[in-house]
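# Structural overview for review
Here is what each chain is made of, one letter per residue.
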Amino acid sequence: MSSAGTVDPRALFARLRRELPGDILDHIVVVGSLAAAYHYAEQVGRGVKTKDADLVIHPAGHTVAAQEIAGRLIQRGWREKRDREPGTASTPPADLPAIRLYPPDHDEYFVELLMVPQGETPGAKPWVSVELPGGYYGLPGFEFLALTMIDRQRGADGIEYAHPAMMALANLLSHRELRHHVMSAPVGGRLVERYAKDLGRVLALARLASREDVEAWAPRWLFALQECFPTRWPELAASVGAGLRALLDDAAFEEAWHCCNVGLLANMGVTETQLRAIARQVIADAIEPVEARGHDA
Amino acid sequence: MSAEGLREEWARLLTVLAPDVADRLRLVAVLEDDVVVLPAEPWLCEIADRVTSVSRLQPRTARVDRSFEVMRVLLSRWLLHRGRIAVGELQRQTGLSHPSVSKALAALGPAVERRRDRSVALRAFPSEAWAQLVALAPKVRQTAAFVDESGRGGDPQRLLERLRRAPPSGVAVAGVVAARHWHSGLDLEGLPRVDLSVHAPDGGMDTAFVARLDPALVPAPPGTPPLLVLHAVPRAESLFAPGDATLPWADPVETLLDLHELRLIEQADDLVRALRRTP
């Protein structure tokens, strides 16, 4: 399945199908680079460098389901990926390690569980404390993760995954302001700003899509915003491109380019100049129509 | 300053400088209608060539050349079987003064048929004047060329579709697409690039619509095949023909010049024959 640190996204989906219990599959949606690589498998081929299958548990706010899913996987022999020791009942949730589990008999990938937060309250979402046999773990739920539940796609293996347009929208909204936060884990051997990695992902998705696909993102985005944020959507729509525009003038654009070239766009030979042109196209094709609707609302 | 004047000034300058300084100085000057390279060393000539190529691709706003407009209007009418045109109307359409129109008509010589009612028409295809225009076209046609900087390759057909969705005013489809409009039987495969004619009666070509059309389009570096080429139409009347409800067509002469620029000479000749065959 893997060569030179890369995995074939289709093969990884097939393994998830085989190795996860069927009823659990009904409650998870794959997001992140694996979902993107699967959607654009023709272009990406075997080139995605991730061992991380981010699984969002739905419906929103279903902590019990998350606990049950993790517990059942552990019962079936899935092993905790311990980057740090689990906490106790008194550990603040934000200090708890995330739930990361290896399959019973190999380390070729691991799953990480995420949760869709309920409601549309702005700001960072508190992690939810979950008790597992080994101790307490945290279940993260990001502010805009709910968007990835809209327009979900179903792969050939029957596994659901987030549509690239929705992952792009969630990333854009998460970084409308460029806040300094260097990621703790290096990306392709370099420590990079979180916003550069996430906004770079938006550009990678746009590069893998056709111009027509990116133009079609705008109506999808508006629908998703109105669905997930019925009161906040005009403000969110009106500011959706602020971070990407700022990135074009930011020194960390080069980091975004680096993340693309060691990630989804590896081996495609995309230059920084080309990536900047793609950013301008995304702004014109998808962002500006959505911002206009936000301003008009 | 003329090229000759520049050479004289340069020679004078070198005489007042210390020899070790003068020996190190070089001059490359790309003028409106000449190039001066002193001394004429190959590497300096290469620089001059590159500067000339770049300046040819940039929109030029100074000294718009309208000297061929009389011939172009008459040729367009001849190709489209439009008959004679009053000199006053010719003056209005070209935006030229009466003396300029008279001078241009005189230059066309016996190719022009003049009537007592002060109307004129071409008798035949003005081969000599046309050859002169084709040869000078890179210089007299105000041109701007663009490439797609996104690395997606750029699809001329898609670009044309985007243009038709939000057609800018004063812009007509030219080149290969217009050639097919004027003669559907033309032997032309594919679409190498999009050619547009931009009406610029005031001399300056407005290229702002290009960034709205596709923000990945940037001026083409020398030697790079462009995806989009704009040519200014500097006369008072654009003579654009009504198009398919979105964009008009450039007149046949603009189209012919584009075909020559694309080195589609046979197709250009076929287009002339086809238009003259069809009344």
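All figures in this text were calculated on a predicted structure; none of them were measured in a lab. (Residues numbered from 1 in each chain as written. Chains lettered and ligands numbered in written order. Predicted model: local features only at pLDDT ≥ 70, side-chain atom pairs only at ≥ 80, totals over all residues.)

### Here we look at the overall build of chain A
For chain A, the count of helices and strands is twelve helices and eleven strands. Computed over the C-alpha atoms, the radius of gyration of chain A is 19 Å, within 12% of the 19 Å expected from 2.2 N^0.38 for a compact globule of 297 residues. Projected onto the principal axes, the alpha-carbon positions of chain A cover approximately 50 × 45 × 35 Å. Looking at the 297 residues of chain A, the share that counts as buried comes to 45%. Restricting to contacts in chain A with at least 6 residues of sequence separation, those with at least 24 account for 75%. (Helix = DSSP H or I, 4+ residues; strand = E, 2+ residues; numbered from the N terminus. Rg over C-alpha atoms; globule rule 2.2 N^0.38 Å. Buried ≥ 20, exposed ≤ 12 C-beta atoms within 10 Å, placed from the backbone. Contact = placed C-beta atoms within 7 Å.)

### Thoughts on the environment of B:Phe209
All names here are of chain B. Residue position: Phe209 is located in helix 10 (residues 208–213). Phe209 sits in the partly exposed class, given 17 other C-beta atoms within 10 Å. Each C-alpha atom, one on Phe209 and one on Ala166, is 9.8 Å from the other, the two residues being 43 residues apart in sequence. Residue contacts for Phe209: discarding those within four places in its chain leaves Pro168 and Val171.

### Topic: the interface of chain B and chain A
Taken together, the contact between chain B and chain A spans seven residues of the former and ten residues of the latter. Broken down by class, the residue content of the side of chain B that touches chain A amounts to two nonpolar, two polar and three charged. (Nonpolar A, V, L, I, M, F, W, Y, C, P; charged D, E, K, R; others polar.)

### Some thoughts on the domain arrangement of chain A
Many authors give the size of an interface as the accessible area that is lost as the parts come together. Residues and elements named next belong to chain A. Looking at chain A, the domain boundaries give domain 1 (2–145) and domain 2 (163–296). Put simply, the middle of domain 1 and the middle of domain 2, counted by C-alpha atoms, are 23 Å apart. Taken together, the contact pairs 18 residues of domain 1 with 16 residues of domain 2. Looking at the side of domain 1 that touches domain 2, the elements with two or more residues in it are helix 3 (33–39) and helix 4 (41–44). It is helix 3 that contributes the most residues to the side of domain 1 that touches domain 2, five residues altogether. (Domains from an automatic or database assignment.)

### Things to note about helix 11 (residues 252–261) of chain B
All names here are of chain B. Counting buried positions along helix 11 gives eight out of ten residues, so the element sits mostly inside the fold. Of the residues making up helix 11, those classed as buried are Pro252, Val253, Glu254, Thr255, Leu256, Leu257, Asp258 and Leu259. Considering only its buried residues, helix 11 is in contact with helix 4 (69–79), helix 7 (127–140), helix 9 (175–182), strand 8 (194–199), strand 10 (228–233) and helix 12 (265–277). Just beyond helix 11, the residue with positive phi is Arg263, at close to 60°.

### Considerations on the sheet that holds strand 5 (residues 119–122) of chain B
Residue and element names in this part refer to chain B. With respect to topology, three strands assemble into an open sheet ordered 3-5-4, the strand pairing being antiparallel. In this open sheet, the two edge strands, each paired with only one partner strand, are strand 3 (85–86) and strand 4 (112–114). Sheet analysis places strand 3 next to strand 5, joined by two bridges and oriented antiparallel. Bridge pairing in strand 5 places Ala86 opposite Ser119. (Pairing = 2+ DSSP bridges.)

### Focus: the nonpolar core
All names here are of chain A. Counting 155 residues, the largest nonpolar core has Leu113, Leu169, Leu203, Ala256, Cys260 and Val282 as the members making the most contacts within it. Among the elements that make up this core, the one with the highest residue count is helix 7 (residues 194–208) (nine residues). Dropping the residues within four chain positions of it, Ala256 is found in contact with Ala196, Leu199, Gly200, Leu203 and Leu247. (Core = buried A, V, L, I, M, F, W, Y, C linked by C-beta atoms within 7 Å.)

### Quick look at the confidence of the model for chain B
Per-residue confidence for chain B gives a mean pLDDT of 88; residues scoring 70 or more make up 91%. For this predicted complex, the interface score ipTM comes out at 0.81, while the overall pTM is 0.80. (pLDDT = per-residue confidence, 0-100.)

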